[in-house]
Amino acid sequence: MNIEETSLPGVRILTPRRFGDARGFFSESWNRKRMAEHGIEIDFVQDNHSLSAEPGTVRGLHFQAPPHAQDKLVRCGHGRLFDVAVDVRVGSPTYGAWIGVELSAENGRQLLVPRGFLHGFVTREPDTEIIYKCSDYYAPGTEGAVRFDDPGIGIDWGIDSAAAVLSEKDAAAPALKEIESPFSWDGMA
Ligand SMILES: Cc1cn([C@H]2C[C@H](O)[C@@H](COP(=O)(O)OP(=O)(O)O[C@H]3O[C@H](C)C(=O)[C@H](O)[C@H]3O)O2)c(=O)[nH]c1=O
């Protein structure tokens, strides 16, 4: 397992080892004990899996508010996507800052998105599938969204925003400055 820190403390890139042979490869996509050895102790309780048919599909930027905030461990099961995390912890030195990482079935990379960060992605290929572990259950009444093309955040999605394939919810999402983030920075990372 290779673990890379990013410019946003707590947001990390995990690349599990792949054992290749003539058939293909084998990889442990999650191992709680091994992650704990790296100081990552998260009790995931729900796995999510979505397929987006069209390249240029954007899902996000989403969060669940406390007490149902979710840490997420995101990977791409098929195709390729650009995965984004945005720090929305009030008081954080990196509040409003974003980071994006290309995840693909081919590169096997995973992005650890801690609670307190918005999560979203854009697909780069047809029939792209995202699979991610969540540390709390779906709690519809606590969901929040911020517009993916918020100029106040300035994410470079690599697409023409006007051409993005969006849900009605995401198309109507507010800018970050229009919401009151329910997350506060703990002064640690
Ligand atoms: C998130 C979720 C959704 N649903 C149902 C509710 C809707 O009937 C349907 C589609 O939900 P939604 O349009 O919110 O799906 P996405 O736009 O992919 O939302 C996700 O996109 C970003 C990238 C995320 O990180 C979140 O996990 C999540 O917000 O699935 C469930 O039954 N359980 C769930 O945990």
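Note that the structure is a prediction, hence the values are computed from the model and not measured.

(A) The arrangement of the nonpolar core in detail. Among the nonpolar cores identified, the biggest contains 19 residues, and Leu61, Val84, Val86, Leu118, Ile153, Ile155 and Trp157 are the most heavily contacted of them. Within the residue set of this core, elements represented by two or more residues are strand 6 (58-64), strand 8 (80-87) and strand 12 (117-123). Once residues lying within four places of it in the same chain are set aside, the contact partners of isoleucine 155 are Leu61, Val84, Val86, Trp98 and Phe148. Counting 17 residues, the second-largest nonpolar core is a separate cluster that includes Val11, Ile13, Tyr132 and Cys134.

(B) Expanded view of the UniProt feature "active site" (unreviewed entry) in the protein. The positions UniProt marks with the feature "active site" (unreviewed entry) are His62 and Tyr132. These annotated residues cover 71 residues of sequence, but their C-alpha atoms sit close together, with the largest distance between any two at 13.7 Å. Among the annotated residues just listed, those lining the largest cavity are His62. When you line up the elements, histidine 62 lands in strand 6. For histidine 62, the contacting residues outside a window of four places in its chain are Lys72, Phe117, Leu118, His119, Gly144, Ala145, Lys169 and Asp170. Following the sequence through the fold, tyrosine 132 ends up in strand 13 (residues 128-134). Tyrosine 132 sits in the buried class, given a relative accessible area of 17%.

(C) Spotlight on the pairing of strand 11 (residues 110-113). Burial along strand 11 is two-sided: Gln110 and Leu112 and Leu111 and Val113, pointing in opposite directions, are all buried. When strand 2 (residues 12-15) meets strand 11, the two strands line up antiparallel, connected through three bridges. Among the inter-strand pairings, isoleucine 13 is bridged to a residue of strand 11, identified as leucine 111. Alignment of strand 7 (residues 72-78) against strand 11, held across four bridges, turns out to be antiparallel. By the bridge assignment for strand 11, lysine 72 is matched with valine 113.

Each value, and the rule that gives it
Here the residue index of a chain counts from 1 through its sequence in written order. Where local features are concerned, this predicted model is filtered to residues with pLDDT of at least 70; where side-chain atom pairs are given and counted, the filter is 80 or more; whole-chain, interface and lining totals use all residues. Computation of side-chain values: all heavy atoms of the structure, hydrogens and water removed. As used in this record, nonpolar core signifies buried Ala, Val, Leu, Ile, Met, Phe, Trp, Tyr and Cys residues forming a set joined through side-chain atoms within 4.5 Å. For each residue, the accessible area found with a 1.4 Å probe, counting protein chains only, is set against the maximum for its type, and the residue is called buried under 20%, exposed over 50%, and partly exposed in between. To qualify as a helix, a DSSP run of H or I must reach at least 4 residues; to qualify as a strand, a run of E must reach at least 2; elements of each kind are numbered from the N terminus. Whether two residues are in contact is decided by their heavy atoms, any of which lying within 4.5 Å being enough. UniProt positions are given in the numbering used here, feature names are shortened, and annotations may be inferred rather than shown by experiment. Cavities and pockets were defined on a 1 Å grid built from protein atoms only: a cavity is a group of points that admits a 1.4 Å probe but offers it no way out, a pocket is an open group of points flanked by protein on both sides within 12 Å along at least five of seven lines, and a lining residue is one with an atom within 4 Å of any such point. At least two bridges found by DSSP between two strands are what make those strands a pair.

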